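Topology and contacts: notes
The residues making up each chain are set out below.
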Amino acid sequence: MWGRARSCLLFGVNGRIQRIDSFTPSRREGGRRFGPVSPLTPLSEWLRNNGATGTKVGCGEGSCGACAVLLSWRTAEGVHRHRAVVSCLTPLASLDGCHVTTIEGLDGSHPIQRGIIDSFASQCGFCTPGIVMSGVSVCETLVEDKLVHEGGKNIESRVEECLDGSLCRCTGYRPVLDGVKSGSARALADPTNHKMVTQRATETLNQLFNYMKVEEEMQKSDAHPLVRLAFTDGLLTWVRPRDHTALLDLMHSNRGGQGARLQAGGSYAAQRDLAHGANAEKKGLTVSPTPIVVTGYTGLGYSYRYHPDQRPHGASPPLIVASMRLASATERKGGEVKDIREHEMERCYAVKEGESGGYYALGTAATLAETREFLEECIERDSTGVATRGALALIKQMRFFANDHVRNMGTMGGSLAAGDKLSDIWPVLAACNASVIAESRIGGRRVISLREHQPLRLEEGELITQIRLPKTSDRDYVEAFKHAKRRTDSQALCNAGMYLRLNKKEEGCHIEECRIHFGCISNIPAFRASRTEEVLAGTVIGDSSCAERILGEAMGGLRLDIQDAVQSWDSSENCPASLHAQSLPLMFLYCFLSKALSSVGLNLNFAVETIPSRMMSDTREHKGCPQYSEASHGQALPHAEADDHVRGEAEYVGDRPFAADGLHAAPVMARGCGEVTKIHTDIALRVPGVVQFVGAADIAAWKGGVNKIGTVVEDEEVFATTSLAH
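Source: prediction; values computed, not measured. (Residues numbered from 1 in each chain as written. Predicted model: local features only at pLDDT ≥ 70, side-chain atom pairs only at ≥ 80, totals over all residues. Heavy atoms only, no water.)

**Describing the overall build of the protein chain**
Looking only at helices and strands, the protein chain has 22 helices and 27 strands in total. Burial statistics for the protein chain: of 726 residues in total, 52% are counted as buried. The long-range fraction of contacts in the protein chain, counting pairs at least 24 apart against all pairs at least 6 apart in sequence, stands at 69%. Accessible surface, the protein chain: about 33,400 Å² in total, of which carbon and sulfur atoms supply 51%. (Helix = DSSP H or I, 4+ residues; strand = E, 2+ residues; numbered from the N terminus. Buried < 20%, exposed > 50% of the residue type's maximum accessible area, 1.4 Å probe, protein only. Contact = heavy atoms within 4.5 Å. Areas by Shrake-Rupley, 256 points an atom, 1.4 Å probe, with all protein chains shown as cover.)

Dropping the structure here:
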């Protein structure tokens with residue numbers, strides 16, 4: 001079907017080129033041969049199956065950072081990028097043309113490794129390899145951006161931001177931050193050891209590209225006109241198109257019914273719902289063999305691990321049409337942002353100012369980190385700070401979106417395409433009156449308003465390629481809000497995007513236009529507070545007392561809006577913000593109006609101010625008490641195995657290879673509460689591969705007649721014997 005399109009993955013790991021052909025067995029254990037490598041196999045799983053156990057897996061959903069690795073890729077103009085990503089969410093097929101550096105790729109001399117040891121930043125050591133790789137990424141971003149010339153405060157803020165996705169439960173974050181900051185300072189002062197890591201990745205990428213170029217030249221006469229790569233395991237085919245036109249042609253040739261309503265990004269679950277409707281699983285429908293377009297892969301990786309029932313299956317192999325990470329969203333030459341148009345789907349990746357000059361064009365396949373870098377450059381160039389007020393609000397929200405590792409992978413297109421009810425970004429874009437460009441082979445291009453269309457409804461063979469963020473004027477005021485259980489890397493309890501256009505006249509301040517959207521309180525990504533908008537739009541506020549009266553009326557309208565929002569949730573679902581929806585939107589609106597009106601001289605009583613973010617810094621003298629200065633027990637000493645921790649050589653139970661005659665235990669959960677009368681095991685024991693059932697009697701036999709467990713007092717049954725309480 002795919003002619004002579006390359007059917008093998010080519011990527012580098014720690015300086016060595018890896019080749020994985022289609023249908024290659026995933027691993028062998030004790031003489032047993034497992035099924036072929038899936039294109040969706042998480043990178044962390046593949047690494048550990050092949051002996052690189054220094055990469056740990058903690059949460060498996062991109063939140064803890066234990067599995068962080070350094071991903072390197074080459075842009076269209078030959079510039080190499082090196083960023084930390086979470087390997088548990090990175091599909092193996094997405095690495096084609098890239099290089100991966102794991103903890104095994106460092107020799108122990110990197111400044112970050114020494115900084116971790118010298119700052120006593122290692123205790124159990126399980127999360128240390130991920131922290132080290134995040135620190136290496138910090139060094140690279142500092143070297144690229146040359147923040148060393150801008151003062152230590154910028155270095156500290158960058159270090160803290162890059163570590164916001166690394167969790168540590170035993171060491172404490174002060175020594176971790178101290179270790180990475182001191183290591184970063186050493187790397188900037190003497191980048192020799194750091195450059196050894198990136199230089200090896202660069203050399204491997206050059207070898208890899210030469211190898212791929214030769215192979216493509218050999219297949220040139222019989223190459224597939226649309227596809228560069230077609231990697232499959234028999235159940236799923238991962239396809240990388242040659243360019244943007246080829247992508248649209250693939251979608252056009254594989255369109256069909258609802259299943260062809262494709263989007264650039266989003267989880268597999270979201271695509272399946274588009275293909276068959278929300279009740280597909282209940283109806284027993286199989287997945288349609290229609291293409292799924294992915295860009296950042298974060299939603300896809302999460303679904304693969306936690307929703308195995310949503311993995312592609314069926315008679316015909318579904319297609320996953322993926323982009324190739326050969327080019328970043330921006331290229332800088334002389335301070336200019338250049339639109340890349342080589343080796344990639346340029347319309348999806350480019351971030352630039354709009355042709356008419358009235359908006360910023362953000363490619364839906366550009367990562368969140370790349371998009372943010374571009375918007376920050378626009379803000380720096382905007383000397384008045386007027387045109388970029390919407391961009392500033394969006395950056396504020398993106399700062400607290402997931403964590404740095406995920407922002408290096410995820411895309412805004414994926415977030416919008418998934419249509420997540422709990423989206424952080426959609427309310428801000430809707431408040432800014434942003435729109436997306438949808439493009440197809442037949443229908444061409446059309447503009448869709450994010451304020452009016454939630455979720456996006458695309459035609460057959462259509463995908464979103466660009467987000468248009470309007471520029472603002474000196475009369476516009478935009479703000480973003482988010483409240484969550486923790487500052488970063490946490491799902492919002494409520495978020496909001498708000499916009500006012502104010503015109504100061506003799507009779508008072510005139511609110512010409514108002515857009516207010518909330519997230520996490522309704523069944524759509526950005527609920528529009530229409531009653532509140534009606535109260536505020538067209539209002540003239542003469543003085544502070546009038547402002548307080550208008551504020552009270554707006555609060556009353558918002559309470560009615562909140563009731564409508566909460567009631568809109570499906571009766572089968574629990575509104576995640578039901579306990580917070582009554583108060584947080586009111587607080588957000590009050591903060592917003594207080595700030596906006598104060599900008600034109602109208603001050604409300606009890607006006608609030610944003611609490612500034614403080615640096616998480618501290619100092620401590622690592623010295624013993626004077627009376628014990630000569631005794632070892634009076635000195636602060638590094639962990640005895642700290643050197644093994646920072647090298648990834650410390651072995652844990654999960655790192656040991658599975659025994660040739662080993663068995664896997666699978667707990668059987670009760671389907672409800674009640675009395676235990678009999679446990680039937682005959683059917684389970686007839687299942688191929690099942691060798692034994694372990695119950696309460698077996699536990700009692702092993703523990704001297706006791707089937708109980710407990711931390712202090714053994715007072716809870718291991719396996720139920722008489723009744724099931726939960």
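Let's pick the thread back up.
**Side note on the pattern of salt bridges**
The tally for this structure, following the rule as stated, stands at 32 salt bridges. In this structure, the salt-bridge partner of Arg 501 is Asp 476, at a minimum N-O distance of 2.8 Å. Of this pair, Arg 501 sits in strand E20 (residues 492-505) while Asp 476 sits in strand E19 (residues 476-484), and the two are 25 residues apart along the sequence. By relative accessible area, which is 24% here, Arg 501 ends up partly exposed. One salt bridge in this structure joins Arg 656 and Glu 651, with 3.6 Å as the shortest N-O distance. Here Arg 656 falls in the exposed class, since its relative accessible area comes to 55%. For Glu 651, a relative accessible area of 53% gives the class exposed. Salt bridges linked by common partners bring Glu 161, Asp 164, Arg 372, Glu 376, Arg 399 and Arg 407 together as one network. (Salt bridge = Lys/Arg side-chain N within 4 Å of Asp/Glu carboxyl O.)

**Considering the nonpolar core**
Counting residues in each nonpolar core, the largest one holds 71 residues, and the members touching the most others are Leu 92, Trp 238, Leu 362, Leu 394, Leu 429 and Leu 469. Residues contacting Leu 429, with those up to four places away along its chain left out, are Leu 394, Leu 416, Ala 434, Leu 450, Ile 467 and Leu 469. In this structure, Leu 493, Ile 511, Leu 589 and Ala 596 belong to the second largest nonpolar core, which totals 40 residues. (Core = buried A, V, L, I, M, F, W, Y, C linked by side-chain atoms within 4.5 Å.)

**Let's talk about the sheet that holds strand E1 (residues 8-13)**
The five strands are arranged E2-E1-E7-E5-E6 in an open sheet whose pairing can be described as mixed. Edge positions in the sheet fall to strand E2 (16-21) and strand E6 (80-86), since each has one partner strand and no second. Neighbouring strand axes in the sheet, compared pairwise and without regard to direction, differ in orientation by 30 degrees on average. (Pairing = 2+ DSSP bridges. Axes fitted to C-alpha atoms, helices over the stretch in contact; angles between N-to-C directions.)

**Observations regarding the side chain of His 99**
Relative to the assigned elements, His 99 resides in strand E7 (residues 99-101). Polar side-chain contacts of His 99 include one of 2.9 Å to the backbone nitrogen of Gly 15. Contact partners of His 99, with chain neighbours within four places excluded, come to Gly 12, Val 13, Asn 14, Gly 15, Leu 70, Leu 71, Ser 72, Ala 201, Thr 204 and Leu 205. (Polar contact = N/O pair within 3.5 Å; in protein donor to acceptor, adjacent residues only side chain to side chain.)

**Observations concerning a nonpolar patch on the surface**
A cluster of nonpolar side chains, namely Ile 679, Leu 685, Val 687, Val 690 and Phe 693, defines an oily patch on the protein surface of about 400 Å² accessible area. Along the polypeptide, Val 690 turns up in the loop between helix H21 (682-685) and helix H22 (696-702). (Patch = residues over 30% accessible without salt bridge, like charges linked within 9 Å, V, L, I, M, F, W, Y side chains within 5 Å.)

**Notes on the packing of aromatic side chains**
A full pass over the atoms with the stated rule returns six aromatic pairs. Judged by centre distance (6.3 Å) and plane angle (80 degrees), the rings of Tyr 360 and Phe 374 are edge-to-face. Here Tyr 360 is found in strand E15 (residues 359-363), whereas its partner Phe 374 is found in helix H12 (residues 368-381), with 14 residues between them in sequence. Each of the two residues, Tyr 360 as well as Phe 374, counts as buried. Considering the side-chain rings of Phe 481 and Phe 588, the 5.2 Å spacing of their centres and the 15 degrees angle between planes classify their relative orientation as stacked. In this pair, Phe 481 sits in strand E19 while Phe 588 sits in helix H19 (residues 584-598), placing the two residues 107 residues apart along the sequence. Given a relative accessible area of 4%, Phe 588 falls into the buried group. Over the ring of Phe 209 we find Arg 74, and its NZ or CZ is 5.1 Å from the ring centre. The ring centre of Phe 481 lies 5.3 Å from the NZ or CZ of Lys 396, which sits over that ring. (Phe/Tyr/Trp six-rings, centres within 6.5 Å; stacked < 30°, edge-to-face > 60°. Lys NZ or Arg CZ within 6 Å of the ring centre and 35° of its normal.)

**Some thoughts on unusual backbone geometry**
For the bond from Gln 454 to Pro 455, the omega torsion is -10 degrees, close enough to zero to count as cis. Along the chain, Pro 455 turns up in the loop between strand E17 (444-449) and strand E18 (463-470). The phi angle at Asn 433 is positive, at roughly 60 degrees, despite the residue not being glycine. Here Asn 433 lies in the loop between helix H16 (426-431) and strand E16 (435-440).

**Observations concerning the packing of H12 against helix H13 (residues 389-399)**
Direction vectors running N to C along H12 and H13 enclose 145 degrees, while the axes themselves pass 10 Å from each other. Viewed along their axes, H12 and H13 form a crossing whose handedness is left-handed. Here Leu 368, Thr 371, Arg 372, Leu 375, Glu 376 and Ile 379 of H12 come into contact with H13, specifically with Ala 391, Leu 392, Leu 394, Ile 395, Met 398 and Arg 399. Per-class residue counts for the contact of H12 with H13 are eight nonpolar, one polar and three charged. (Left-handed = near helix turned anticlockwise from the far one by under 90°. Nonpolar A, V, L, I, M, F, W, Y, C, P; charged D, E, K, R; others polar.)

**A word on the side chain of Thr 128**
Mapping Thr 128 onto the fold places it in helix H3 (residues 128-145). Residue Thr 128 is classed as buried on the basis of its relative accessible area of 3%. Apart from the residues within four sequence positions on either side, Thr 128 is in contact with Ile 116, Ser 122, His 645 and Val 646.

**Observations concerning the packing of helix H2 (residues 111-118) against helix H5 (residues 173-189)**
Two numbers describe how H2 lies on H5: the axes approach to 7 Å, and their chain directions differ by 140 degrees. Note that H2 runs across H5; the crossing there is right-handed. The residues of H5 that touch H2, namely those facing Pro 111, Ile 112, Arg 114, Gly 115, Ile 116 and Asp 118, are Val 176, Gly 179, Val 180, Ser 182, Gly 183, Ser 184, Arg 186 and Ala 187. For the contact of H2 with H5, the residue count by class is six nonpolar, five polar and three charged.

**Details of helix H18 (residues 544-567)**
In this model H18 runs 35 Å from its N-terminal to its C-terminal C-alpha over 24 residues, within 8% of the 34 Å that 1.5 Å per residue would give. Those residues of H18 lying buried are Cys 546, Ala 547, Ile 550, Leu 551, Ala 554, Met 555, Gly 557, Leu 558, Asp 561, Ile 562 and Ala 565. On the buried face of H18, the contacting elements are strand E21 (508-519), strand E22 (527-528), helix H17 (530-536), strand E23 (540-541) and H19. (Expected span 1.5 Å × (residues − 1).)

**Looking at the environment of Phe 518**
You can see Phe 518 is positioned in strand E21. Along the sequence, Phe 518 and Arg 528 sit 10 residues apart, while their C-alpha atoms lie 6.7 Å from each other. In this structure, Phe 518 is in contact with Pro 427, Cys 494, Asn 495, Ala 496, Met 498, Pro 525, Ala 526, Phe 527, Ala 529, Leu 558, Pro 585 and Phe 588, ignoring residues within four places of it in sequence.

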